[in-house]
Structure formats: C-alpha cells, structure tokens
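Remarks on the overall topology
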Amino acid sequence: MLSPVVDDDGAPFWEYAARGELRVQACAAPDCGRLRFPPRPCCPHCQSFDSEWRRVSGRGRIWSYVFPHPPLLPDYAAQAPYNAVVVELAEDPLIRLVGNVVADPDAALDSVEPSRLRIGARVQVAFTEVDGVTVPRWLLERA
C-alpha cells in the first residue's frame, strides 16, 4: 500500500492525524489568516512566512471521485473496485484532500458500494493506521 511521504512542511499534518485531529496549515499574518493545503513555507495569498496549524471540523463534500480500473498497483487489486475521492473541506471549499470513502475507519477500501458515492455527498473524516502511519479516510454522513 502507498504510504505518505512526510516532509518538513507536512510533518505536523501527520502528527495531528496520529492524534485523531484534522488540522490544516493557515497563514498567521494578522491581515490574512487563510487556510492552505498542501502545506508550504510561504502563504500563496500574502507571502507571509508565519503559519499555524488550525483544527478543522473534518466535514466536507465529495468534490470528485474515481474507481481505478484496473488498479494501478498490485497491492490494491484485491480491494477493487475501490474509490479514490477528492474532498473539499467545509471550512474552505478550495482546500481539498485526497482519500477513500469507507464504511468505518478500519474497513477495506472496497467497503462502500460504488452506487452510494456522488458528487456533493457529505463526508466526515475518520482516521486509521496503515503501515505505521495514521491516515485520514472519509465516512459518508447520514442524510
């Protein structure tokens, strides 16, 4: 299975995830404060180097999704068909994270029937450990 590449800018994201918290980097300049993802040293809006990690609700909507056919990597073949989604966060629809919608945090990637996914579906983050790294996954919210 793929594991994230943890760099200096993104390391806090993974540390918070290990605690079950979804946090996104934000500009700490008093006149900006905008969220940004992926994390980076400089704010793309005001060019400030001041930043903080802001806890977000973990709620969002499916912005896009795909069912890879055939799976691109052998380790994923046993779980096909599985979904890969792009989720826009409730706090800022321009902040988008990639992941999978699953039935529960530790469920297999193919645990949600493909027909249940749709653009705009509300989701909530959940965390699970994969190969020693805690990763965010997404659960469909009940309508």
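Residues numbered from 1 in each chain as written. Predicted model: local features only at pLDDT ≥ 70, side-chain atom pairs only at ≥ 80, totals over all residues. Heavy atoms only, no water.

1. Remarks on the sheet that holds strand E1 (residues 23-27)
Strand order in the open sheet made by the three strands is E2-E1-E3, with antiparallel pairing throughout. Of all the strands in the sheet, the pair left with one neighbour each is strand E2 (35-36) and strand E3 (51-55). (Pairing = 2+ DSSP bridges. Helix = DSSP H or I, 4+ residues; strand = E, 2+ residues; numbered from the N terminus.)

2. Describing the sheet that holds strand E6 (residues 92-99)
Ordered by their spatial adjacency, five strands build an open sheet running E6-E5-E4-E7-E8, and the pairing between neighbours is antiparallel. Across the chains shown, the open sheet's two edge strands, defined by having one partner strand only, are E6 and strand E8 (133-140). Direction aside, the axes of adjacent strands within the sheet are offset by 40° on average. In this structure, strand E4 (residues 59-66) lies alongside strand E5 (residues 84-89), joined through six bridges in antiparallel fashion. (Axes fitted to C-alpha atoms, helices over the stretch in contact; angles between N-to-C directions.)

3. Structural notes on the side chain of Thr128
With respect to the helices and strands, Thr128 occurs in strand E7 (residues 122-130). One polar contact links Thr128 to Asp106, side chain to side chain, over a distance of 2.3 Å. Discounting residues that sit within four places of it in the chain, Thr128 has contacts with Pro105, Asp106, Val133, Thr134, Val135 and Arg137. (Polar contact = N/O pair within 3.5 Å; in protein donor to acceptor, adjacent residues only side chain to side chain. Contact = heavy atoms within 4.5 Å.)

4. Quick word on the environment of Glu129
Inspection of the secondary structure assignment puts Glu129 in strand E7. Judged by relative accessible area, Glu129 falls into the exposed class, the value being 58%. For the pair Glu129 and Pro39, spaced 90 residues apart in sequence, the C-alpha separation works out to 21 Å. (Buried < 20%, exposed > 50% of the residue type's maximum accessible area, 1.4 Å probe, protein only.)

5. What to know about the nonpolar core
Leu22, Ile62, Leu89, Val101, Leu117, Trp138 and Leu140 are the most contacted members of the largest nonpolar core, which totals 25 residues. Of all the secondary-structure elements, those providing two or more residues to this core are helix H1 (11-18), E1, E5, E6, E7 and E8. Leaving out residues up to four positions away in the same chain, Leu22 has contacts with Phe13, Arg54, Arg55, Val56, Gly58, Leu89, Leu97, Val125, Phe127 and Trp138. Judged by nonpolar contacts, the second largest core, of five residues, contains Tyr76, Tyr82, Val102 and Ala107. (Core = buried A, V, L, I, M, F, W, Y, C linked by side-chain atoms within 4.5 Å.)

6. Notes on the layout of surface pockets
Of the volumes computed, that of the largest pocket is approximately 850 Å³. Along the wall of the largest pocket there are 29 residues; nearest its centre are Leu2, Pro4, Trp14, Val98 and Gly99. Secondary structure elements with two or more residues in the lining of the largest pocket: H1, E6 and E8. Of the residues that constitute the lining of the largest pocket, the class distribution is 23 nonpolar, four polar and two charged. (1 Å grid on protein atoms, 1.4 Å probe; cavity = no way out; pocket = protein on both sides within 12 Å on 5 of 7 lines; lining within 4 Å. Points joined across faces, edges and corners; volume = space filled by probe spheres on them. Nonpolar A, V, L, I, M, F, W, Y, C, P; charged D, E, K, R; others polar.)

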